[in-house]
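A structural walkthrough
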Amino acid sequence: MAAFRILWLVVGLRLPAFATAITIPLRQNGWSVDDNPVRADGNIIDVYDIDFVNSEVAIAVGVTSGGDGRIMRTENIDSVDPTWVDVSNGAANRFTLHAVKFVNEDHGWVVGSGGFFFHTSNGGRTWQDQSQSLSTDPALLVKFSAFNFVWYDVTTFSTPGVDLVAICGDDGVILQSRDYGESWLAGPGLSSNSLKAIQFLDEQW
C-alpha cells in the first residue's frame, strides 16, 4: 500500500467553513478530498487556522456560528475522520480566534479578537490567557485588551537555546517574546495599519 501524507487546508469562502483533509498518495498522482467539518458541541466550527503539534496531534482555531471562539484538539490527525475535542475551557467565548502556532511539541499560542491571546505549555491540552503579561503600563494594557483590538497572526522560530514567538495585530503592533510569553518586546512601529501576517526571517525579527 502506498504511503499517504495528510495535509489540511482551511476553506472560508462561505459559512460554515470546513477544515478539509487532502489525502495525497506519495507514489501516485492525483488528490482525494474528504470534507470533514470540525465540530464543538454539535456546532460546526468556522476554522481560521490549523497547526500541527506533531504527526498525530493538531490544533484548529476559529469561531462558532454564534460568535464564540473555539480551540479544538485532535490526537488522530492522520485519520480520515479525526476526532476533535474542545479545549477552549470557555476562555475564548465571544471572541474570534484567528491563528495558532507551535514552536515545539509543548509550547504554542493562539491569537484573536478582544485583545486576547492564549498560551499552552502541554501540547494544547490546556490554555491560559497570556494577554495580561504584555506590559506593566496600564495605558498599553487598556489598548491591547480593548474589545475592538485584534491580534491577527502568530509565528514562531526556534534556534539552539532559544524559542521565539511573535504576534501582530491592529495599529501596526508587533510583539516578540523569548521566554514563552512571560515578557514581550515591541517591534518597530512601521505602520499604523492592521498587520495580518507575520513571519520570522531570522532570530532577530
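Residues numbered from 1 in each chain as written. Predicted model: local features only at pLDDT ≥ 70, side-chain atom pairs only at ≥ 80, totals over all residues. Heavy atoms only, no water.

1. Thoughts on the overall build of the chain
Spelled out, the test is: Only runs of H or I of at least four residues qualify as helices and only runs of E of at least two qualify as strands under DSSP, and these elements are numbered from the N terminus. Each residue is placed in one exposure class: buried if its accessible area under a 1.4 Å probe, protein chains only, is under 20% of its type's maximum, exposed if it is over 50%, and partly exposed if it falls in between. Between two residues, a contact is recorded if the distance between any of their heavy atoms is within 4.5 Å. Note on areas: Shrake-Rupley with a 1.4 Å probe; residue coverage comes only from the protein chains shown.
Along the chain, the regular secondary structure elements total one helix and 17 strands. For the chain, the proportion of its 205 residues judged to be buried stands at 47%. Across the chain, the fraction of contacts at a sequence separation of at least 24, relative to all contacts at a separation of at least 6, is 43%. Surface summary for the chain: the accessible area is close to 10,500 Å², and the carbon and sulfur share equals 51%.

2. Some remarks on the confidence of the model for the chain
As a reminder of what qualifies: The quantity called pLDDT is the predictor's confidence in a given residue, expressed from 0 to 100.
Residues at a pLDDT of 70 or more form 71% of the chain, whose mean pLDDT is 77. Throughout residues 1–27 the model reports pLDDT below 50, and contacts reaching past four residues in sequence, or to other chains, amount to 70 contacts.

3. Comments concerning the pattern of salt bridges
Note the following rule: Salt-bridge detection follows one rule: a side-chain nitrogen of Lys or Arg within 4 Å of a carboxyl oxygen of Asp or Glu.
Here the structure, examined in full by the defined rule, presents two salt bridges. For Arg70, the salt bridge goes to Asp86, with nearest N and O atoms at 3.1 Å. Here Arg70 is found in strand 8 (residues 69–74), whereas its partner Asp86 is found in strand 9 (residues 84–86), with 16 residues between them in sequence. A residue is classified by how much of its surface remains accessible, and Arg70, at 10% relative accessible area, is buried. Glu75 is the partner of Arg73 in a salt bridge, and the nearest nitrogen-oxygen pair spans 2.6 Å.

4. Comments concerning unusual backbone geometry
For Asp171, which is not a glycine, the phi torsion comes out positive at approximately 60°. As for its placement among the helices and strands, Asp171 is situated in the loop between strand 15 (162–169) and strand 16 (174–177). The class of Asp171 is partly exposed, set by a relative accessible area of 41%.

5. Details of the sheet that holds strand 17 (residues 185–186)
Using the following cut-off: For two strands to be treated as a pair, DSSP must find at least two bridges joining them.
Read from one edge to the other, the open sheet built from four strands follows the order 14-15-16-17, with strand pairing classed as antiparallel. For this open sheet the edge positions go to strand 14 (151–159) and strand 17, each flanked by a neighbour on one side alone. The pairing of strand 15 with strand 16 spans four bridges and is antiparallel. Across the sheet, residue Cys168 finds its bridge partner in strand 16, namely Ile174.

6. Examining the nonpolar core
Put simply, the test is: To define a nonpolar core, start from buried Ala, Val, Leu, Ile, Met, Phe, Trp, Tyr and Cys residues and group those joined through side-chain atoms within 4.5 Å.
The biggest cluster of nonpolar side chains holds 13 residues, and the ones touching the most others in it are Trp109, Val111, Phe117, Trp151, Val154, Ile167 and Trp184. Those elements giving two or more residues to this core turn out to be strand 11 (108–112), strand 14 and strand 15. In terms of nonpolar packing, the next biggest core, distinct from the first, is built from twelve residues, Val53, Ile71, Val100 and Trp127 among them.

7. Quick word on the packing of aromatic side chains
Selection rule: The pairing test for Phe, Tyr and Trp rings, Trp by its six-membered ring, is centres within 6.5 Å, and the orientation test on the planes gives stacked under 30 degrees, edge-to-face over 60, and tilted for anything in between.
In the structure shown here, the tally under the stated rule is seven aromatic pairs. A centroid spacing of 4.9 Å and a plane angle of 70° characterise the contact between Phe149 and Trp151, whose relative ring orientation is edge-to-face. Ring geometry for Phe157 against Phe200: centres 5.8 Å apart, planes inclined by 50°, an arrangement best described as tilted. Of this pair, Phe157 sits in strand 14 while Phe200 sits in the segment after strand 17; the two residues are 43 residues apart in sequence, bridging distant segments of the chain. Here Phe157 falls in the partly exposed class, since its relative accessible area comes to 22%. Here a set of aromatic residues connected by ring pairs shows up, and it is made of Phe117, Phe149, Trp151 and Trp184.

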